[in-house]
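Architecture and fold: a report
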Amino acid sequence: MRQAAALFLAFAALPLMAQAAPPLDPMASDKVASYDWVRPEADYVRREVMVPMRDGTKLFTVIVMRKGTKDAPILLSRTPYNATGHTSRNRSQKIEEILPVMDAPFVNDGYIRVYQDIRGMQKSEGDYVMTRPARGPLNKTGIDHSTDAYDTIDWLVQNLAESNGKVAVIGSSYLGFTTLMALIDPHPALKAAVPQSPMADGWIGDDWFHNGAFRTFGFDFALSQMVEKGGGDVPRGSGDEYDQFLEAVSSGGYARRWGLDALPVVRKMMLHPAYDAYWQEQAVDKLLAKRKLTVPTLVMLGQWDQEDSYGAPAVFKAVKEAQPDAPIMLGIGPWRHSGANYEGTSLGALKFEGDTALQFRLNWIKPFLDCRVKTDPAPCAPMPAAVTYATGADRWEVDAKWPAGIETPLYLAPRGALSWTKPDKAGADSYVSDPASPVPFMARPVHMDGDQWKTWLVADQRFASNRPDVLTYTTPVLDKPVHIKGAPRIDLAAATSGRDSDFVVKLIDVYPRELSAQPGMAGYQLGVGIEIFRGRYVHGFATPAPLEPGKTYRFGWSLPHVNHVFRPGHRIMVQVQSSLYPLYDRNPQTWVPSIFEAQAGDYQKATQTVRYGGADASAVWLPVAKD
């Protein structure tokens, strides 16, 4: 009896659920509607909301904060690249793991992190327009990224009980553009902005063109961004892109070959090859220069930014010229595009003193934001003009003005020399530019993706220096450092036998031939600045015209902004050529109204003549700093 009673009590103690579990049909569907991957033990709160804009459109927004957060500032990013992805880097229960690496110092110090899909992208409602123009001649809707940022901030400060009502905006590349746009007509709660590598002017020097030369890598970006079904990279296979673009003849031919001309954004670019009102009205540096900047802004970029090297310095310059006391500072680090948000101990073959990206995030970005958006913070430190990393010397430097160097000419001279004094006697060097064999922008095979793309600006330039269609000029070995801080300026006196031509100038740091301390860098030719100019725009970016064969023109443009030290024992080199292929489309070197529409017969060899000395002296004007 006692044994029977024990068995009865044991069965009676079984959970009621186990006793009452209903039978399950073997053919019941195994799919469920949803699964919440944020488990109860997570150390954070993650919310998804649809934030209404003034026109009724709702934008998908993800809010992340550590549990227990209160009286907290908001750090906002508006992205076309998927707010869900930004907030689920890893499906983890730790807040540092689900967010991008750069967010950890902020959420670990009480910030509320917000990512939002911009209008028409991912889970947000509305129509998408690439870098939607500001309200004005190109945009009559009354809605732009400025109004959407305003409405988003307004909703956040009213609806997040954990917030202290103060907001900062941050973001890189396209997110840098949306960060700048938030400054056009800022919400009162917007207290600080950090636009990183922003797309500011797509024609002068950011993504789509550089000084009139079209950048073909934009085709992949357009296809991946604009297509709901079947988007992604151009389906050209894995071969050398150098050959693939040659086979298509022109960039317009390439677009038609792959059906890219069906994309409105591609057609818009092809319809506007010159710097007309379509581009000028979109230039964010010009828009900001027309307004009084009231929001403290840290605008920054990488010294070797392979995508948006123009926007940050252009915004800084435009705002400072219009408003000398504007609360804006410039940051430049030894990074690739968006490199400030990743690990920064190296770039390609270059090694730096520690994690320079983390250093900048902790020592500059976070203090810049903390003192403006935290509750009862310590007073803000005075804003310098610029904080930049001196490559070659491996140190951070602070300057009260930028550029921080004095323009000093380095002249092209006879026999491939560079001289600090102008040669008295005039002379010239020539080379034949053949569109059938353009100079590649990187060592072949060419693939405009992955690490090869991210680091091409710091790649060893020896692959090009001995080509017959590349002129090379070099200083003697330096006996003292040459420190430059600013944007080197090109003043090139040149002529062509054709009716159009591109000119490329590279400023290069040549390492010693013997370098036991860094044997992999012996003889290395490090690009300090590389930039192109399309000759037809010598009369003005909005007024393309054919060149007169044999006539000498003065072509002027700037290289990217840098802080670099050419060390003793090194040499300074300048290379001149007429192509960077296939990153920039080929110039046919004959006159065609639009290079997008050039035909095979339009591409002709041309003799390019670069002059030095005398009245037609060519020079690179270096912003030399006095250390």
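Each remark here, short or long, concerns the structure printed above.
So, on to the sheet that holds strand β10 (residues 328–333). As summarised here, the arrangement of the ten strands in space is β1-β2-β4-β3-β5-β6-β9-β10-β13-β14, forming an open sheet in which the pairing is mixed. Each having just a single partner strand, β1 (44–52) and β14 (395–399) make up the two edges of the open sheet. Averaged over neighbouring strand pairs, the angle between their axes works out to 20° when direction is ignored. Where helix α14 (residues 311–322) meets the sheet, it contacts β9 (297–302) and β10, and its direction lies at approximately 155° from that of β10. On top of the sheet, helix α15 (residues 356–373) reaches β3 (72–79), β5 (163–172), β6 (190–196), β9, β10, β13 (386–390) and β14; it is set at about 160° to β6, its chief contact.

On to the packing of aromatic side chains, then. Under the defined criterion, the tally for this structure stands at 35 aromatic pairs. Centroid distance W335 to W396: 6.1 Å. Interplanar angle 50°. Geometry classified as tilted. Here W335, found in the loop between β10 and β11 (346–347), pairs with W396, found in strand β14; they are 61 residues apart in sequence, far enough to count as distant. For W335, a relative accessible area of 3% corresponds to the buried category. Assessed through its relative accessible area of 25%, W396 is described here as partly exposed.

With respect to the helices, strands and loops of the structure, T496 is situated in strand β20 (residues 489–496). Overall, the relative accessible area of 4% leaves T496 in the buried class. Of note is the side chain of T496, whose polar atom sits 2.7 Å from the side chain of Q608. Residue contacts for T496: discarding those within four places in its chain leaves S501, L547, E548, P549, G550, A606, T607 and Q608.

Moving on: the environment of G205. Structurally, G205 can be placed in the loop between β6 and β7 (209–210). Relative accessible area serves as the criterion here: at 3%, G205 is assigned to the buried category. Along the primary structure G205 and R215 are separated by ten residues, whereas in three dimensions their C-alpha atoms are 10.0 Å apart. Apart from the residues lying within four places of it in its own chain, the contact partners of G205 are H210, S309 and Y310.

Counting across every chain of the model gives 32 salt bridges. Put simply, K485 and E397 hold a salt bridge, and the shortest N to O gap is 2.9 Å. Highlighted residues: K485 in strand β19 (residues 482–486) and E397 in strand β14, separated in sequence by 88 residues. The partner of R489 in a salt bridge is E407, and the shortest N-O contact between them spans 3.0 Å. In this pair, R489 is assigned in strand β20 and E407 in strand β15 (residues 406–413), connecting sequence segments 82 residues apart. On the basis of relative accessible area, E407 is assigned to the partly exposed category, the value being 38%. Put simply, D55, R78, R119 and D148 are held in one network by salt bridges that share partners.

Rules behind the numbers
Residues numbered from 1 in each chain as written. Predicted model: local features only at pLDDT ≥ 70, side-chain atom pairs only at ≥ 80, totals over all residues. Heavy atoms only, no water. Pairing = 2+ DSSP bridges. Helix = DSSP H or I, 4+ residues; strand = E, 2+ residues; numbered from the N terminus. Axes fitted to C-alpha atoms, helices over the stretch in contact; angles between N-to-C directions. Contact = heavy atoms within 4.5 Å. Phe/Tyr/Trp six-rings, centres within 6.5 Å; stacked < 30°, edge-to-face > 60°. Buried < 20%, exposed > 50% of the residue type's maximum accessible area, 1.4 Å probe, protein only. Polar contact = N/O pair within 3.5 Å; in protein donor to acceptor, adjacent residues only side chain to side chain. Salt bridge = Lys/Arg side-chain N within 4 Å of Asp/Glu carboxyl O.

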